[in-house]
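The residues making up each chain are set out below.
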Amino acid sequence: MTGHIRRKLLAAQQGLPTLATLPVCPICGRSIPKAQQDAHHFVPKSKGGKATEMLHRICHRQIHALFTETELARRYNTVEALLAHPEMARFVEWVRTKPNDFYERTHKSQRVRER
């Protein structure tokens, strides 16, 4: 077992990303491993959005499971607006306790499925 300083030095020598170089998810605040990175349009492309932000795959999937594209474009087009929604806040509280590379399938809410 090596210490965290030694692991950082080894990673730097091998050109591997360290926690400091990984992007941070604006939704859950955790570092995003390369395999879990998803680009998200806060205003969907179908509604004229262009800018993207890197999110954890599980956070990105949860957003699209809870909200329609119209809702995302009109009401939930910022991190603050998303986090203010009770279901999203409950999800974030839960996912923050998981490791950075954690992933679980997400199912669309019944409300979104019926639209």
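The residue count restarts for each chain, going from 1 along the sequence in the order it is written. This being a predicted model, a pLDDT of at least 70 is required before a residue's local features are given, and a value of 80 or more before pairs of side-chain atoms are given or counted; all residues contribute to the totals for chains, interfaces and linings. Hydrogen atoms and water are omitted, and side-chain values are computed over all heavy atoms in the structure.

1. A closer look at the confidence of the model for the protein chain
pLDDT expresses, on a scale from 0 to 100, how confident the predictor is about each individual residue. Per-residue confidence for the protein chain gives a mean pLDDT of 84, with 76% of residues at or over 70. Runs of E in the DSSP output that reach at least two residues are strands. Runs of H or I that reach at least four are helices, and both are numbered from the N terminus. Predicted confidence in the protein chain is weakest over helix H6 (residues 110-113), with a mean pLDDT of 66, and strongest over helix H4 (residues 79-84), with 95.

2. Remarks on helix H5 (residues 86-95)
Each residue is placed in one exposure class: buried if its accessible area under a 1.4 Å probe, protein chains only, is under 20% of its type's maximum, exposed if it is over 50%, and partly exposed if it falls in between. Those residues of H5 not exposed but buried are Met88, Phe91, Val92 and Val95. All buried residues of H5 lie within an arc of 100° about the axis, which places them on one face of the element. Counted as exposed and oriented over 90 degrees from the buried face of H5: Pro86, Arg90 and Glu93. Think of the arc as the fan of directions from the helix axis to the C-beta atoms.

3. Re the nonpolar core
Take the buried Ala, Val, Leu, Ile, Met, Phe, Trp, Tyr and Cys residues and link them wherever side-chain atoms come within 4.5 Å; each set so joined is a nonpolar core. Counting 21 residues, the largest nonpolar core has Ile27, Cys59, Ile63 and Leu82 as the members making the most contacts within it. If you list the elements that add at least two residues to this core, you get helix H2 (57-66), H4 and H5. The contact partners of Leu82, leaving out residues within four places of it in the chain, are Ile27, Phe42, Ile63, Phe67, Leu72, Tyr76 and Met88. Residues count as neighbours in contact if any of their non-hydrogen atoms are within 4.5 Å of one another.

4. Quick notes on the packing of aromatic side chains
In this scheme Phe, Tyr and Trp rings, the latter by its six-membered ring, pair at centre separations within 6.5 Å, and the angle between planes marks the pair as stacked below 30 degrees, edge-to-face above 60, and tilted otherwise. Inspection of every chain in the model, using the stated rule, returns three aromatic pairs. Between the aromatic rings of Phe91 and Trp94, the centroid separation amounts to 6.0 Å while the plane-to-plane angle is 45°, which identifies the pairing as tilted. With Phe91 and Trp94 both in helix H5 and three residues apart, this pair spans about one turn of that helix. Since its relative accessible area comes to 8%, Phe91 is described here as buried. Among the residues examined, Trp94 registers a relative accessible area of 33% and is labelled partly exposed. Among the aromatic side chains, those forming a connected cluster through ring pairs are Phe91, Trp94 and Phe102. For Lys98, the ring lying beneath its charged end belongs to Phe102, and the centroid distance is 5.7 Å. Only lysine NZ and arginine CZ atoms are considered, and such an atom sits over a ring when it is within 6 Å of the ring centre and within 35 degrees of the ring normal.

5. Thoughts on the pattern of salt bridges
Whenever a carboxyl oxygen of Asp or Glu lies within 4 Å of a side-chain nitrogen of Lys or Arg, that contact is scored as a salt bridge. One pass over the full model with this rule turns up one salt bridge. Arg57 is paired through a salt bridge with Asp38; the nearest N and O atoms lie 3.1 Å apart. Of the two residues, Arg57 sits in helix H2 while Asp38 sits in strand E1 (residues 37-41), which places them 19 residues apart along the sequence. Given a relative accessible area of 21%, Arg57 falls into the partly exposed group. Residue Asp38 is classed as buried on the basis of its relative accessible area of 13%.

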